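Each chain is listed here by its residues.
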Amino acid sequence: MQEQNFQNHSKYVIGYHVITSVLLLGALITSIIYTVKNIGEQTSLSLTLLLTISALLGVFWYARVFALRAQDRAIRAEENLRYFVLTGKLLPSNLRMGQIIALRFAPNEELIALVDRAAKESLSAKDIKQAIQNWRPDYHRA
């Protein structure tokens, strides 16, 4: 596996992020065109198709959102525990979720200083990731 760093840590699944998105968008456009062309003739079939595609879009969107929220909760708990082990204190309450997610890439030696900086300077997730000297890879994320 390639060594993970700031430049390559984002993960895209072609089948989900690209192919499924394009297929659903195409299906939505096709169902809209079909509905517009068939108003009055096959209205119930057209609307059923449009509603089905809309429901599939909702499932596609919320399946990802719900999974990310669960992952965010796990990351918050893991990073809170790691920070507590190192300092005996919980993470500062003013840290945003994006900052905590970014801090997971910091090794223990850099974590405390980066947490302090992030809390005081309200650093963005990108700024935190760029400030990391020795990247701590996360190869287990979905």
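Placed above this text is the structure.
Reading the values: rules and limits
- Residues numbered from 1 in each chain as written.
- Predicted model: local features only at pLDDT ≥ 70, side-chain atom pairs only at ≥ 80, totals over all residues.
- Heavy atoms only, no water.
- Phe/Tyr/Trp six-rings, centres within 6.5 Å; stacked < 30°, edge-to-face > 60°.
- Helix = DSSP H or I, 4+ residues; strand = E, 2+ residues; numbered from the N terminus.
- Buried < 20%, exposed > 50% of the residue type's maximum accessible area, 1.4 Å probe, protein only.
- Expected span 1.5 Å × (residues − 1).
- Contact = heavy atoms within 4.5 Å.
- Core = buried A, V, L, I, M, F, W, Y, C linked by side-chain atoms within 4.5 Å.
- Polar contact = N/O pair within 3.5 Å; in protein donor to acceptor, adjacent residues only side chain to side chain.
- Salt bridge = Lys/Arg side-chain N within 4 Å of Asp/Glu carboxyl O.
- Axes fitted to C-alpha atoms, helices over the stretch in contact; angles between N-to-C directions.
- Parallel < 35°, antiparallel > 145°, perpendicular 65-115°, else oblique.
- Left-handed = near helix turned anticlockwise from the far one by under 90°.

Undergrad: So what's going on with the packing of aromatic side chains? Which residues, and what values?
TA: Applying the stated criterion to the full structure yields 3 aromatic pairs. Ring geometry for Tyr16 against Phe60: centres 4.6 Å apart, planes inclined by 25°, an arrangement best described as stacked. Residue Tyr16 is located in helix 1 (residues 14-37), and its partner Phe60 is located in helix 2 (residues 43-87); the two are separated by 44 residues in the primary sequence. A relative accessible area of 17% means that Phe60 is categorised as buried.

Undergrad: Please provide a residue-by-residue account of helix 4 (residues 108-121), values included.
TA: With 14 residues, helix 4 extends 20 Å between its outermost C-alpha atoms, agreeing within 8% with the 20 Å of an ideal straight helix rising 1.5 Å per residue. Looking at helix 4, one finds that the buried residues are Glu110, Leu111, Leu114, Val115, Ala118 and Ala119. Buried residues belonging to helix 4 abut helix 2, helix 3 (97-103) and helix 5 (125-131). Positioned one or two residues after helix 4, Ser122 has a phi angle of 50°, which is positive.

Undergrad: Mind laying out the nonpolar core, listing which residues take part and the relevant values?
TA: Side chains of nonpolar character tend, in soluble globular proteins, to be buried together. Counting 20 residues, the largest nonpolar core has Leu95, Leu103 and Val115 as its most contacted members. When residues of this core are traced back to their parent elements, those giving at least two are helix 2, helix 3 and helix 4.

Undergrad: Can you break down the side chain of Glu79 residue by residue, with the values?
TA: Counting through the fold element by element, Glu79 comes out in helix 2. Side chain to side chain, Glu79 and Arg82 meet in a polar contact 2.7 Å long. Excluding its chain neighbours within four sequence positions, the residues that come into contact with Glu79 are Leu91, Ile100, Leu103, Arg104, Leu111 and Arg136.

Undergrad: Tell me about the pattern of salt bridges, residues and numbers included.
TA: Evaluated as defined, the whole model comprises 4 salt bridges. Among the ionic pairs, Arg82 bridges to Glu79, the shortest N-O distance being 2.7 Å. Of the two residues, Arg82 and Glu79 both sit in helix 2, 3 residues apart, roughly one turn of that helix. Note on Glu79: relative accessible area 4%, which makes it buried. Put simply, Glu79 and Arg136 hold a salt bridge, and the shortest N to O gap is 3.7 Å. Highlighted residues: Glu79 in helix 2 and Arg136 in the segment after helix 5, separated in sequence by 57 residues. Relative accessible area serves as the criterion here: at 31%, Arg136 is assigned to the partly exposed category. Among the charged side chains, a network of salt bridges with common partners joins Glu79, Arg82 and Arg136.

Undergrad: Quick one: what's the story with the packing of helix 1 against helix 2, residue by residue and with numbers?
TA: Where helix 1 contacts helix 2, the two axes come as close as 9 Å, and the packing angle between them is 160°. Considered as vectors, helix 1 and helix 2 are oriented roughly antiparallel to each other. By crossing handedness, the relation of helix 1 to helix 2 is classed as left-handed. Mapping the contact onto sequence places Tyr16, His17, Thr20, Ser21, Leu24, Ala27, Leu28, Ser31, Ile32, Tyr34 and Thr35 in helix 1 and Leu45, Ser46, Leu47, Leu49, Leu50, Ile53, Ser54, Leu56, Leu57, Phe60 and Arg64 in helix 2.

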